[in-house]
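Close look at the chain arrangement
Chain by chain, the residues:
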Amino acid sequence: MDRAFILWKLELKRMCRLLPGMIAEAALLLIVMGAITFGVTKLLYRDATVIQIKIAVIEEEENPLTDLALQYIQSMESIAQTCQFLVVTKEEGFSMLDRGTAAAALVLPGGMIDGILHGNNVPVQVYFPQDAGIESALLKELTEAGVGMLRVAQAQIYGIYDTAQQYGVLEQLSVLEADIDRFNLAFALERLALFRTREISVAGNLSIIQYGIAGGVIFFLLLLGMACYPMMQPHTAVLQRQLLREGVSIGRQCFGKWLCGFCSMGIGFGFFMWLVKGILSKLHLSAWMPGGGLWRYLTYLIILLCVTTFVYFIFQVAGNGISAILLLFFLSVVMVYCSGGFLPSAFLPEAVRTVGKFLPTTYLIEAAGSLYLGKTALGTIGILLVDTMLFGLAAYGIRRREKV
Amino acid sequence: MIEIENLTSAYGKRKILQGVTLSGERGECIGIIGPNGCGKSTLLSIMAGVLAPKSGSILYYGKDALQNRAVFQKMIGYVPQENPLVPELSVYDNLRLWYPDKKELQKELQEGFLQILGIPEFVKMRVSKLSGGMKKRVSIGMALSGLPPVLILDEPSAALDLVCKEDIKRYLQIYLRRKGTVVITTHEESELSLCDSLYVMKDGRLSQVDKSLRGSALTAAF
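This write-up is about the structure you can find in this document. (Residues numbered from 1 in each chain as written. Chains lettered and ligands numbered in written order. Predicted model: local features only at pLDDT ≥ 70, side-chain atom pairs only at ≥ 80, totals over all residues. Heavy atoms only, no water.)

1. Quick word on the nonpolar core
As a rule of thumb, nonpolar side chains are buried together in soluble globular proteins. F220(A), L221(A), M265(A), F269(A), I303(A), V307(A) and V311(A) are the most contacted members of the largest nonpolar core, which totals 64 residues. Leaving out residues up to four positions away in the same chain, F220(A) has contacts with A26(A), L29(A), L30(A), M33(A), G268(A) and F272(A). (Core = buried A, V, L, I, M, F, W, Y, C linked by side-chain atoms within 4.5 Å. Buried < 20%, exposed > 50% of the residue type's maximum accessible area, 1.4 Å probe, protein only. Contact = heavy atoms within 4.5 Å.)

Here you go:
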């Protein structure tokens, strides 16, 4: 029998021996990750709003009535929690928009309040930055919804006035207005109905939960590599040299180690998915698990291939188990963060987002997220396969360089 | 049977071996002594085909090993200082790596050198549970796969107790009686008694000394 084949067989046998310990470590990791997830969820979804949107208010003409109206609006609890109005000059306001320090600029025309009182309704202009961030996008939606609501209310008021006049019942106008208010509040002005059905989500086509799971799965897989260290770390130098002397090339030795790493990560990942599926089904949350199907299994396989090869590469770079574990942990946290695995990319600074575009974890999270949608973009698969190949070649190169 | 001519080796600009010449016959035990870091292990690694020399020639039984690397595999059994073992696997599994033919391994365990080394007693044990002496016996057993005519050992008795040292000496005597050639580096005087010829290595140069030298006379030769 070929010696390399015997080596691979023995490596797999060794892996089976070490598997119970590895599964125990994976379970421990799961508990740690569960605790982290719980903490992060608590932090992210607590009651208080943590971000206040800054809005530049430009008054074309100073008017005490406008100031009063502005103060009244800002004192409303729902507004005060989310928005901060800053009265500025026109130049300052547009400069704030350009710099991205304001989510919108409101230009209040002169005689706005008088216009409201006399039915002229001089329009208020709202300006948004060109490359609107998430706050501006939300504000834009809210503004458009508000404009819609006002249009309906205005049309109703003029409509009932004309109707009352036509039927000669102007004295009933107050009753009719009260009826409109009642209907509007109960049905017509149901605020959500006025929003567009298009959803804006930082998680793309996924729900926040699905996006979180996708990021969590990749983070878990990377950390799982730490539990697989006995399989991934290089042979001792003396064994490596002896194997080489016996004709087992560095490439074949590397393949044996990688194969065991792949199998152990696959088993660990399978165990993780089985456990999560069981827990979610007990909690009647099975919808949080992606479905099956050939394409999805293929995506799982590609994700696993890429993560295993990356972890294997890290083990070759570090040279020994402890350094590799530390390096892997550090890189996993940084890479998953930059790729938007902990917080969606939309919330991250521009520089971090740019770095994220070059990290394999970004595409791994994308692929994991696509498991919910049923089909992974071919571009993502291509990038992951290229990454796998590059990490594999780099790992082989390092081992070859260090063979003596 | 062993003819080494003008072997040189260097790590970068540092010369490790300088014109090393050595020869040995069947059934001969060649001892190499010298202070730590003088190049003994490098010489043995080159003789075993683990490292490549800068220049020189190595002939085993008239065959140029540097031209045909299969000669190293066929003719040399090499026991490095550290044991090339996989601790999580059993002794049997470790041996399987060096004895690709299962039947040959069984035969060796029943009546061959592995049996002489006493390996069948602990063949099912995990390597991580073995003592230093047991591990060294397994390493020797691995080196003897395919019964090579030349056995190279790099300080086989280092860090072993007296009983183990005596055992290893006994195994080597058996090997020599079967007309094998042994090349050994050692700091142990008891092992020197096995040697038919003795070389001293200093600053990468090898010189033969009178094998009858002992104690301070031997030290003076360094």
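2. Here's the deal with the packing of aromatic side chains
All names here are of chain A. Under the criterion given, the structure shown has 14 aromatic pairs over all chains. Ring centres of F94 and Y127 lie 5.0 Å apart, and the angle between their planes is 80 degrees; this geometry places the pair in the edge-to-face category. In this pair, F94 sits in helix α4 (residues 90-99) while Y127 sits in strand β4 (residues 125-127), placing the two residues 33 residues apart along the sequence. Since its relative accessible area comes to 31%, Y127 is described here as partly exposed. Relative to F272, the ring of F220 has its centre 3.9 Å away and its plane inclined at 15 degrees; by these criteria the two rings are stacked. With F220 in helix α8 (residues 208-227) and F272 in helix α11 (residues 250-282), this pair connects stretches of sequence that are 52 residues apart. The class for F220 is buried, based on a relative accessible area of 0%. Through pairs of rings, three or more aromatic residues link up here, namely F220, F269, F272, Y297 and Y300. (Phe/Tyr/Trp six-rings, centres within 6.5 Å; stacked < 30°, edge-to-face > 60°. Helix = DSSP H or I, 4+ residues; strand = E, 2+ residues; numbered from the N terminus.)

3. Observations regarding the pattern of salt bridges
Opposite charge on two side chains permits pairing when their charged atoms draw close. The final tally for this structure, using the stated rule, is 10 salt bridges over all chains. Of the charged contacts in the structure, one is a salt bridge between K257(A) and E11(A), with a shortest N-O distance of 3.9 Å. One end of the pair, K257(A), is in helix α11; the other, E11(A), is in helix α1 (residues 3-44), with 246 residues separating them in the sequence. Under the relative-accessibility criterion, K257(A) is labelled buried at 4%. Judged by relative accessible area, E11(A) falls into the buried class, the value being 3%. Here R170(B) ties to D167(B) by a salt bridge, and the two come within 3.8 Å at their closest N and O atoms. Residue R170(B) and its partner D167(B) are located together in helix α7 (residues 162-177), separated by 3 residues, close to a single helical turn. The network of salt bridges with common partners includes E11(A), R14(A), K257(A) and E88(B). (Salt bridge = Lys/Arg side-chain N within 4 Å of Asp/Glu carboxyl O.)

4. Observations regarding unusual backbone geometry
Residues and elements named next belong to chain B. Positioned with a positive phi, Y61 is a non-glycine residue whose angle comes to about 50 degrees. Inspection of the secondary structure assignment puts Y61 in the loop between β4 (55-60) and β5 (63-64). Phi is positive for E155, which is not a glycine, with a value near 45 degrees. The residue E155 is located in the loop between β7 (150-154) and α7 in this model. Given a relative accessible area of 12%, E155 falls into the buried group.

Honestly, it's all geometry; don't read function into it.
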